[in-house]
Structures are given as structure tokens and as C-alpha cells.
Amino acid sequence: MLNKEKKILIVEDEPSLVFTLRDTLEAEHYSVSVVSDGSEVMAQIEREEPDLMILDLMLPNKSGYDICSEIREQKYTFPIIMLTARDQEIDKVTGLNIGADDYITKPFGVKELLARIKARLRRANAYSKTGPAEILKLGSVKIVLNESRVYKPENVTVELSTREVEIIEYLLSHANSPISRDDLLEKVWRYEYSTNTRTVDVHISKLRAKVEMNPDDPKYLVTLHGVGYMLKLN
Ligand code: CA
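Residues numbered from 1 in each chain as written. Predicted model: local features only at pLDDT ≥ 70, side-chain atom pairs only at ≥ 80, totals over all residues. Heavy atoms only, no water.

## Some thoughts on the overall build of the chain
Moving on, step 1. When its secondary structure is counted, the chain shows eight helices and 11 strands.
Moving on, step 2. Considering the chain as a whole, with its 234 residues, one finds that 46% of them fall into the buried category.
Moving on, step 3. A separation threshold of at least 6 residues defines the contact pool for the chain, and within that pool the share at least 24 residues apart is 55%.
Moving on, step 4. Accessible surface for the chain amounts to roughly 12200 Å². Of this, 50% is attributable to carbon and sulfur atoms. (Helix = DSSP H or I, 4+ residues; strand = E, 2+ residues; numbered from the N terminus. Buried < 20%, exposed > 50% of the residue type's maximum accessible area, 1.4 Å probe, protein only. Contact = heavy atoms within 4.5 Å. Areas by Shrake-Rupley, 256 points an atom, 1.4 Å probe, with all protein chains shown as cover.)

## Section: the sheet that holds strand β6 (residues 135-138)
Two strands in a sheet stick together by hydrogen bonds in their backbones, pointing the same way (parallel) or opposite ways (antiparallel).
Moving on, step 1. With antiparallel pairing, the four strands of this open sheet are ordered in space as β6-β7-β8-β9. Single-partner strands in this sheet number two, and they are β6 and β9 (156-159). Across the sheet, the axes of successive neighbouring strands diverge by a mean angle of 20°, strand direction being ignored.
Moving on, step 2. Inspection of the sheet shows strand β8 (residues 149-152) paired to β9 by four bridges, in the antiparallel sense. Counterpart to lysine 152 in the pairing with β9 is valine 156.
Moving on, step 3. Across the sheet, helix α8 (residues 197-211) is in contact with β6, β7 (141-144), β8 and β9; its angle to β8 comes to roughly 45°. (Pairing = 2+ DSSP bridges. Axes fitted to C-alpha atoms, helices over the stretch in contact; angles between N-to-C directions.)

## Brief notes about the pairing of strand β2 (residues 31-35)
Moving on, step 1. As paired elements, strand β1 (residues 7-11) and β2 share five bridges and run parallel to each other. Following the sheet pairing, isoleucine 10 is matched in β2 by valine 34.
Moving on, step 2. The β-α-β motif built from β1, the intervening helix α1 (residues 15-27) and the parallel element β2 has right-handed crossover chirality. (Right-handed = clockwise from strand over helix to strand, strands pointing away.)

## Considerations on the coordination of the calcium ion
Moving on, step 1. Looking at the calcium ion, the protein donor atoms are Asp13 (OD), Asp56 (OD) and Met58 (O), and they sit 2.1 to 2.3 Å from it.
Moving on, step 2. Within one chain, the residues serving as donors to the calcium ion are arranged as D-x42-D-x1-M. Residue aspartate 13 is found in the loop between β1 and α1, and its partner aspartate 56 is found in strand β3 (residues 52-56); the two are separated by 43 residues along the sequence. (Donors = N, O, S within 2.8 Å, 3.2 Å for Na, K, Ca; no water.)

## Some points on the confidence of the model for the chain
Moving on, step 1. Per-residue confidence for the chain gives a mean pLDDT of 86, with 89% of residues at or over 70.
Moving on, step 2. For the chain, per-element mean pLDDT is lowest for helix α4 (residues 89-97), which scores 64, and highest for β1, which scores 97.
Moving on, step 3. Predicted confidence is poor over residues 128-132, with pLDDT under 50, and the contacts of this stretch with residues over four places away or in other chains come to four contacts. (pLDDT = per-residue confidence, 0-100.)

## Quick notes on the pairing of strand β4 (residues 80-84)
Moving on, step 1. Burial within β4 is extensive, with five of its five residues counted as buried.
Moving on, step 2. In β4, alternate side chains face the same way, and those of Ile80, Met82 and Thr84 on one face and Ile81 and Leu83 on the other are all buried.
Moving on, step 3. Two elements, β3 and β4, share four bridges in a ladder whose sense is parallel. Paired with leucine 55 across the two strands is methionine 82, which belongs to β4.

## Describing the packing of aromatic side chains
Moving on, step 1. Scanning all chains against the criterion turns up one aromatic pair.
Moving on, step 2. Both rings, one in tyrosine 76 and one in phenylalanine 78, keep their centres 5.8 Å apart while their planes meet at 45°; by these two values the pair is tilted. Residue tyrosine 76 shares its accessibility class with phenylalanine 78, and that shared class is buried.
Moving on, step 3. Across the ring face of phenylalanine 78, the terminal group of arginine 72 is positioned such that the distance to the ring centre comes to 6.0 Å. (Phe/Tyr/Trp six-rings, centres within 6.5 Å; stacked < 30°, edge-to-face > 60°. Lys NZ or Arg CZ within 6 Å of the ring centre and 35° of its normal.)

## Digging into helix α3 (residues 64-73)
Moving on, step 1. Of all the positions in α3, only Gly64, Tyr65, Ile67, Cys68 and Ile71 are classed as buried. Mapping the buried residues of α3 onto a view down its axis gives an arc of 165°, with all of them on the same face.
Moving on, step 2. Among the residues trailing α3, lysine 75 stands out with phi positive, at a value near 70°. (Arc of directions from axis to C-beta.)

## Examining the sheet that holds β3
Moving on, step 1. Taken in spatial order, the five strands of this open sheet run β2-β1-β3-β4-β5, and their pairing is parallel. A single partner strand is all that each edge strand has here, and the edge strands are β2 and β5 (102-105). Recorded for the sheet is a direction-independent mean angle of 20° between the axes of neighbouring strands.
Moving on, step 2. Strands in contact with α1 are β1, β2, β3 and β4; relative to β2, the strand with the most contacts, it is inclined by about 165°.

## Notes on the pattern of salt bridges
Moving on, step 1. Summed over the entire model, instances satisfying the criterion amount to 14 salt bridges.
Moving on, step 2. The partner of aspartate 201 in a salt bridge is arginine 181, and the shortest N-O contact between them spans 2.6 Å. Placement of the pair is aspartate 201 in helix α8 and arginine 181 in helix α7 (residues 181-187), with a sequence separation of 20 residues.
Moving on, step 3. Judged by its relative accessible area of 22%, arginine 181 falls in the partly exposed class.
Moving on, step 4. Among the charged side chains, a network of salt bridges with common partners joins Glu12, Glu14, Asp56 and Lys106. (Salt bridge = Lys/Arg side-chain N within 4 Å of Asp/Glu carboxyl O.)

In C-alpha cells form, the structure reads like this:
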């Protein structure tokens, strides 16, 4: 229902994919517009500023990279999810470095894309003043994401770092699914220098102390041995 107010701009030149994307997003009550020519994207954004953009990398007349850079140069802040046909790390890193928020590799599942879209919109919402408070309840612990704060029983309040909020948001967008340390490094740390899987473990351990009543026996932020982590929700 809320989705109705959310405008998604699809920038993609492959008709069958456009058809599928439009169909899927409209079924979720998003308002959808489509541009298939790279040179027409900026004009469309000026006409109707989208809440989120799905951007193909390979387009006629202008590449997704150039479009992405231009959008950020012009200080538009809406989330951009890049579509790439090439599953190469260099693309992902380049895309994220020039201002894309996420990327998804073709071919992808519709459910995965919808989950990414929701996560990105939720996050954009959480940081806008008018957006609703995003509250996550883990048993008796309440996490208010746009306050970066955890409320525990007996009036205990704990502050979260920006990174911790990002970790929670990422795990939340993939709740009940196993997430590897590499996934977290890639999506939350974006391959920053001097990070490794040990960095992830240290952060998760600190975060667990903040959001679990008994961090030694976590109920929600669980470790999956040999796999990684998972945010377990009912
Ligand atoms: Ca294309």
C-alpha cells in the first residue's frame, strides 16, 4: 500500500527484462517509469525525481557508470541499484565507488531484487526526516534504526554506530537467510582497505553484545558455523 507513493525508474534497454521488471514492480504497487536510452535518463530524472532507480550497466548512448556518476555529481541522493551482466568484482567495486548503492547480477531472481529494493527504500526512509521510524523488535529488545539506538529492558539505551546500523539493515534485508562474512565485507564494508573477515567477526560480536540479552547465547544474531551469520526472525 505504501509502495504506491514510491516511484521507481527502470533504466534498461532489454525489452523482455523491462517487461518483467515493470510487471513485478507494479504488482507490488510501485509507480514505475522506464527509460531505455542512456542519453535520456537525466531529463527523466529532472521531470520526475524517482525514489529509487534500477540502472543497467550496458545501455545505448551512455553507460550506467556515466549515468551514475552524473546523478551523484548533481547531488541526487535516491538509491541506485545497478544491474550487471558481468559477474566481475571490478564492476561491483567500480559501481559502488561511483555512487551505486547496490548491484545485482543478471540473471537474478525477482524475489531477491524486491528484497534489495525494499531494503534500499527502507534505508532511504530511515534517514529522511519525514520517514517513519524503522523499529526492529528482537524479543524484549527494540532497535530504532533511524535513531541508531537500541532500547533494552530496565531503561537501558545503547547507541549504534553507522556501521552497526548498516550491518543490521543488511541482515534484515536478508532475514532468515545465511549471510557469509564475504557478503558482509562486500555489501557493508564495500571492500574498504584493511578489512578482512576478522573485522566482520569483531563487529558482529560487538553488535551482538548490544542487541542480545545474552550475547553468549544469541537468539537472533546467530552464527552459522562454517557459513557466516544470520538474523533469525520469526
Ligand atoms: Ca543493456
